[in-house]
Amino acid sequence: GNKFKKMSVPDWFQKNISEPHISGFVDVDGCKIHYIKWECKIKSKNKPQGLLLVPGAKAHAHWFVPIAPFLTSEFEVVTMSNSGNGDSGQRDEYNMARYGEEVIAVARYHGFFDSNRSGKPIIVGHSQGGFVSLKLARKYADLLGGMVIADCGLRSDDYYKNSTQFFEALNKPKIVQEKHFPMDVSVHSRFRLVPAQPCKNQYYLDYIAQYSIKVNQETQTWTWKFDYAIDKKFIFWREADAEFAAQALKLNCRIGFINGAKSAEVDQTTHAYMSAVLGKDIPLVSIPEAYHHLFLDEPIAFISALTSMLLEWRRSSCETPSGVKISRGSEVVTTPDPTINFSNFY
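Residues numbered from 1 in each chain as written. Predicted model: local features only at pLDDT ≥ 70, side-chain atom pairs only at ≥ 80, totals over all residues. Heavy atoms only, no water.

Participant: What should I look at first to understand the overall build of the protein chain in this one?
Facilitator: Across its full length, the protein chain carries 12 helices and 13 strands. Each of the 346 residues in the protein chain was classed as buried or not, and the buried ones make up 54%. If you take every contact in the protein chain between residues at least 6 apart in sequence, the share linking residues at least 24 apart comes to 75%. Surface accessibility of the protein chain: about 16,100 Å² in total, with carbon and sulfur atoms responsible for 50%. (Helix = DSSP H or I, 4+ residues; strand = E, 2+ residues; numbered from the N terminus. Buried < 20%, exposed > 50% of the residue type's maximum accessible area, 1.4 Å probe, protein only. Contact = heavy atoms within 4.5 Å. Areas by Shrake-Rupley, 256 points an atom, 1.4 Å probe, with all protein chains shown as cover.)

Now the structure itself:
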């Protein structure tokens, strides 16, 4: 049964975390990668379009469990944990390219690229998951129906070139000692969002926290699931790859951005730069009152923005950033479940 402790939370939240889903693993280069899948609620002649949710650094598949069922009206939805996070295995080394291959492997395992699908798959990446998505799109954009990047700041090359302290800090990551807490120490009291920010939806944080730990029955202690050495093993920034904004303009699949209006990661300066570089043809949406972890802060607003963006992709023809023309109606998207009582959201 569901381990989430009953408390005063919105009806939609309780309903969504109780929705039937499948949890399993895919082997990717000798490492088990955890996924959670929800079937599409609407049956049709063709298999539904796939939608894959990619979490950020030290986050895991369960971060999306409370909102994923909102997307199952027409999508088959999968969320995952990259290696070194959640229930996935650990590696000797991590980098963006390998994370991208893990995402593609999970999508391929679920048949998202099959010709009998109603559309090419959509990838939604949050924070580091957005960088992972942009990285994999360089190689696999032709296989994708679109990509939505959530609160992932794109900055100029000059920013990186002039940020020597920034790179020095990233290339000398803090070594975190593995911590084991006695069972009487509350998981919820120790769980923190990184980067730090306020979050009014404590019930969402409590849900994530309980799936972020593993328990040692012999010692009666618990510890975090993520690889404590992941920062030391991660070589993304040592790749000196500061061209994500330029790459976003070269993709031959649809792309859109959703940011938190109060995010420290996508502040006003970064948002202005992204707006100027991306231009009018690439949607750049800000969620009011949301910080970096925008779908924890404003889950309904985030889902509304996401589904509206995907709906517009279905309704309109467009040219991708690289100039490839996509005709109207070539992709299938979802809309919010009309049976949901929106008065419960506020």
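Participant: What exactly am I supposed to notice about the sheet that holds strand S9 (residues 221-224) here?
Facilitator: Across a sheet, strands are paired by hydrogen bonds formed along the backbone, either parallel or antiparallel in direction. Across the sheet, which stays open at both edges, the 3 strands sit in the order S7-S9-S8 with antiparallel pairing between neighbours. One side of each edge strand has no neighbouring strand; the edge strands of this open sheet are strand S7 (181-182) and strand S8 (213-216). Alignment of S8 against S9, held across 4 bridges, turns out to be antiparallel. Bridge pairing links isoleucine 213 to tryptophan 224 in S9. (Pairing = 2+ DSSP bridges.)

Participant: Could you clarify how one ought to interpret unusual backbone geometry in this entry?
Facilitator: Excluding glycine, most residues fall at negative phi; most peptide bonds, likewise, are trans. Between valine 194 and proline 195 the backbone carries a cis peptide bond, its omega angle lying at 0 degrees. Positive phi, normally seen in glycine, also occurs at lysine 58, with a value near 60 degrees. Within the fold, lysine 58 resides in the loop between strand S3 (49-54) and strand S4 (75-80). For lysine 58, a relative accessible area of 32% corresponds to the partly exposed category. Of note in the backbone geometry, aspartate 151 takes a positive phi value of approximately 45 degrees without being a glycine. According to the relative accessible area criterion, aspartate 151 is buried, its value standing at 1%.

Participant: Got a minute to help me understand the sheet that holds strand S11 (residues 284-287) in this structure?
Facilitator: In space, the 8 strands of this open sheet follow the order S1-S2-S4-S3-S5-S6-S10-S11, with mixed pairing throughout. Looking at the sheet topology across the chains shown, the edges are occupied by strand S1 (22-28) and S11. Ignoring which end each strand starts from, the neighbouring axes of this sheet average 20 degrees apart. Relative to strand S5 (residues 122-126), S3 runs parallel, the two sharing 4 bridges. Across the sheet, the residue bridging to valine 54 is glycine 125, located in S5. Along the sheet, helix H2 (residues 96-109) makes contact with S1, strand S2 (31-38), S3, S4 and S5, crossing S1 at roughly 125 degrees. (Axes fitted to C-alpha atoms, helices over the stretch in contact; angles between N-to-C directions.)

Participant: Sorry, what's going on with the pattern of salt bridges here?
Facilitator: Note that side chains of opposite charge can pair when their charged atoms are close. Considering all chains together, one arrives at 12 salt bridges under this definition. Glutamate 39 is the partner of lysine 37 in a salt bridge, and the nearest nitrogen-oxygen pair spans 3.3 Å. The closest approach of N and O atoms between lysine 233 and aspartate 227, which form a salt bridge, is 2.9 Å. Taken together, the shared-partner salt bridges in this structure form one network comprising Lys37, Glu39, Glu76 and Arg117. (Salt bridge = Lys/Arg side-chain N within 4 Å of Asp/Glu carboxyl O.)

Participant: Looking at this structure, I do not really get the environment of serine 23. What am I missing?
Facilitator: The topology assignment puts serine 23 in strand S1. Residue serine 23 is classed as partly exposed on the basis of its relative accessible area, which comes to 48%. Between the alpha carbons of serine 23 and tyrosine 35 there is a distance of 5.8 Å; along the sequence they are 12 residues apart. What serine 23 contacts, discounting residues up to four positions off in sequence, is His34, Tyr35 and Ile36. Of note is the side chain of serine 23, whose polar atom sits 2.7 Å from the side chain of histidine 34. (Polar contact = N/O pair within 3.5 Å; in protein donor to acceptor, adjacent residues only side chain to side chain.)

That's the geometry; what it means functionally is another story.
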